Amino acid sequence: TTLANPHYSPEVSVKVTLLNFAITKDGLQDQMLGIVVLKEQPEMEEKKQELVKNNAKYNKELKDIEDDILRLLSADGDILESKELIDTLDYSK
């Protein structure tokens, strides 16, 4: 389909897998720039890839910390006396 966000009935959605092969101008520009930089300055492209990996790792760590804090806040008991919660909040700073 040429629709950007097609909607199908639940019966159809269960039987098929939807793949989005749409190419955006920005995505294509990023890919082309990556290819040019890789050929002309490979060390810069390596640094970029390392930064992207680190960013993903830190976002996952942040999400895990947020989940821990929410889990501890929803636990029974006094939140002011929870040593684990206080330690997690200190670590999150």
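Structure report, in brief. Note that this is a predicted model, so its numbers are computed, not measured. (Residues numbered from 1 in each chain as written. Predicted model: local features only at pLDDT ≥ 70, side-chain atom pairs only at ≥ 80, totals over all residues. Heavy atoms only, no water.)

Now for the overall build of the protein. Helix and strand counts for the protein stand at 4 helices and 0 strands. Its helices and strands taken in sequence order, the protein reads α-α-α-α from the N to the C terminus. At 22 Å, the protein has a C-alpha radius of gyration far larger than the 12 Å of a compact globule built from 93 residues. Here the C-alpha coordinates of the protein stretch approximately 55 × 50 × 20 Å along the principal axes. (Helix = DSSP H or I, 4+ residues; strand = E, 2+ residues; numbered from the N terminus. Rg over C-alpha atoms; globule rule 2.2 N^0.38 Å.)

Tallied over the full model, the rule gives 6 salt bridges. The shortest N-O distance in the salt bridge between D67 and K63 comes to 2.9 Å. Here D67 and its partner K63 are both found in helix α3 (residues 42-74), 4 residues apart, which amounts to about one turn of the helix. Note that K83 is salt-bridged to D87, the shortest N-O span being 3.2 Å. Here K83 pairs with D87, and both are found in helix α4 (residues 83-92), just 4 residues apart, close to one helical turn. Relative accessible area serves as the criterion here: at 58%, K83 is assigned to the exposed category. One continuous salt-bridge network, built from bridges that share partners, spans D68, R71 and E84. (Salt bridge = Lys/Arg side-chain N within 4 Å of Asp/Glu carboxyl O. Buried < 20%, exposed > 50% of the residue type's maximum accessible area, 1.4 Å probe, protein only.)

What follows is about the side chain of E45. Mapped onto the fold, E45 is located in helix α3. Among all residues touching E45, those that are not within four sequence positions of it are G34, V37 and L38. (Contact = heavy atoms within 4.5 Å.)

Packing of α3 against α4 brings their axes to within 10 Å, and their N-to-C directions diverge by 155°. For the element pair α3 / α4, the angle class is roughly antiparallel. Here α3 and α4 pass one another in a crossing that is left-handed. Across the interface between the two elements, E61, I65, D68, I69, R71, L72 and L73 of α3 pack against E84, L85, T88, L89, Y91 and S92 of α4. Taken together, the residues of the contact of α3 with α4 sort by class into 7 nonpolar, 2 polar and 4 charged. (Axes fitted to C-alpha atoms, helices over the stretch in contact; angles between N-to-C directions. Parallel < 35°, antiparallel > 145°, perpendicular 65-115°, else oblique. Left-handed = near helix turned anticlockwise from the far one by under 90°. Nonpolar A, V, L, I, M, F, W, Y, C, P; charged D, E, K, R; others polar.)

To continue, consider the environment of D64. With respect to the helices, strands and loops of the structure, D64 is situated in helix α3. The exposure class of D64 is partly exposed, given its relative accessible area of 34%. With 12 residues separating them in the primary sequence, D64 and D76 have C-alpha atoms 20 Å apart.

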